[in-house]
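Coordinate inspection notes
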2 protein chains.
Amino acid sequence: MPNERVALPSTRRSLPIALIRAREAVMAPIREMLAGTGLTEQQWRVLRVLDEFGPMDVSRLAREAGLMASSLTRIVQTMVTDGLVTRETSASDRRRQVIGIASKGQEVLSENRDAALAIAEDLRGRLGERDFERLLDLLEALAECGPRSNGSRNVEPNSSGRG
Amino acid sequence: MPNERVALPSTRRSLPIALIRAREAVMAPIREMLAGTGLTEQQWRVLRVLDEFGPMDVSRLAREAGLMASSLTRIVQTMVTDGLVTRETSASDRRRQVIGIASKGQEVLSENRDAALAIAEDLRGRLGERDFERLLDLLEALAECGPRSNGSRNVEPNSSGRG
DNA sequence: TATCAATAGTTGAGATGTTAAGCAAAAGCC
DNA sequence: GGCTTTTGCTTAACATCTCAACTATTGATA
């Protein structure tokens, strides 16, 4: 029998779960599109960002594509091997790795541009122009009120067991 | 240099990326809360669902918690080992595995209930009551128009009445 | 009864998410 | 210059995601 003591908000109206379900629905057609290319959804995002803004270092690429730097390191390694992107050390700052689109990456983008556009417009149509924009605004507001609101970095020096 | 041929929507207004960023912001305080417990965010969701609805089989648990059945199999295995949940074969259908909360799971829930409630209310406050509800409605609508274009799958009559 | 299809759950493999630790280059300071 | 701190990226370890293949049970069928 469910616990009645404090009544947490229902998981049916839980933001974490709702965000996961929504992402699942949004990604379904994109994954279907990518199935024929051998790309993962993350690799596709990397190409999309580089296509929009041009070559950039790993840090910015991670930020723009919504990926963690540690994940991106591995993703880029695979993509370099597959001829999708290029990677070279920056001349002005040898710490930075500048990532750019390689020929095969351009091919994949060209071949899937129309399909991707159709998927985006279909989604926009289903939700409605107004709700679509409102949703993006709300998600952006949500992201803003998170980690970057201020310092307040809670440092708990614990590390209890659980190896 | 960016490709100009068709102009895909900007990644700055991309739903997949926006959803990931929003989830990141929402999960940050929850992860901080869970850091002291040794639970992952998925394990916490499992406990939350079982706490709200009581024992259930793996399929429904996966649906309610927004997890894939294959992931849940492994998550439950770990949680059984850690004494967080129980697992027993259903008497009426031996294919089904019924999952319930174990004593240690109840403990974790009790110990973190207040903190979880505070996090949820803080988020609600930051976004504002109206936007918070609107966001949940929009995310639900998005999830509905995804894999099953069926529509009308809504169980609750609260859909989009108000402005 | 034997058989086939559907369902519930599990497992395997490869890729990503998450955290912590590590290294090299750059920036700041004496 | 020599020293310390910060920054950018990488690696390691473990958990999860995703897809595909698999087992076991159930239900339908002849």
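How each quantity is defined
Residues numbered from 1 in each chain as written. Chains lettered and ligands numbered in written order. Predicted model: local features only at pLDDT ≥ 70, side-chain atom pairs only at ≥ 80, totals over all residues. Heavy atoms only, no water. Pairing = 2+ DSSP bridges. Helix = DSSP H or I, 4+ residues; strand = E, 2+ residues; numbered from the N terminus. Near = heavy atom within 4 Å. Polar contact = N/O pair within 3.5 Å; in protein donor to acceptor, adjacent residues only side chain to side chain. pLDDT = per-residue confidence, 0-100. Contact = heavy atoms within 4.5 Å. Salt bridge = Lys/Arg side-chain N within 4 Å of Asp/Glu carboxyl O. Buried < 20%, exposed > 50% of the residue type's maximum accessible area, 1.4 Å probe, protein only. Lys, Arg positive; Asp, Glu negative; His and termini not counted.

Observations regarding the sheet that holds strand β2 (residues 85-89) of chain A
All names here are of chain A. Taken in spatial order, the 3 strands make up an open sheet running β1-β3-β2, and their pairing is antiparallel. The strands lining the two open edges of the sheet, one partner per strand, are β1 (56-57) and β2. As paired elements, β2 and strand β3 (residues 97-101) share 5 bridges and run antiparallel to each other. Note that in β3 the partner of Val85 across the bridge is Ile101.

Thoughts on the protein's contact with DNA strand D
Taken together, 24 residues form the shell around DNA strand D, and within it Ser59, Thr73, Gln77, Arg87 and Arg95 of chain A come nearest. When atoms of DNA strand D within 4 Å of the protein are split into backbone and base, the sugar-phosphate part holds 77%. Measuring from a phosphate oxygen of DNA strand D, one finds a backbone N or O atom of Val58 of chain A at 3.2 Å. In the model, a base nitrogen of DNA strand D is placed 3.2 Å from a nitrogen or oxygen of the Ser70 of chain B side chain. Counting only elements with at least two residues in the surface near DNA strand D, the list comes to α1 (15-34), α3 (58-65) and α4 (69-81) of chain A together with α4 (69-81) of chain B.

Considerations on the confidence of the model for chain A
Per-residue confidence for chain A gives a mean pLDDT of 88, with 85% of residues at or over 70. pLDDT under 50 marks residues 147-163 of chain A. Its contacts with residues more than four places away, or in other chains, come to 10 contacts.

Observations concerning the pattern of salt bridges
All names here are of chain B. For the structure on display, the rule yields 32 salt bridges over all chains. With a shortest N-O distance of 3.9 Å, Asp131 and Arg134 are connected by a salt bridge. Here Arg134 and Asp131 lie together in helix α6 (residues 129-144), a separation of 3 residues that amounts to about one turn. In this structure Asp131 comes out as partly exposed when scored by relative accessible area, which is 29%. Accessibility expressed as a relative area gives 16% for Arg134, which makes it buried.

Remarks on the side chain of Arg48 of chain A
Within the secondary structure, Arg48 of chain A is located in helix α2 (residues 41-53). It is Glu52 of chain A that comes nearest to the buried, bridge-free Arg48 of chain A among opposite-charge side chains, at 4.8 Å. Here Arg48 of chain A is in contact with Leu8, Pro9 and Thr11 of chain B, once residues within four sequence places are set aside.

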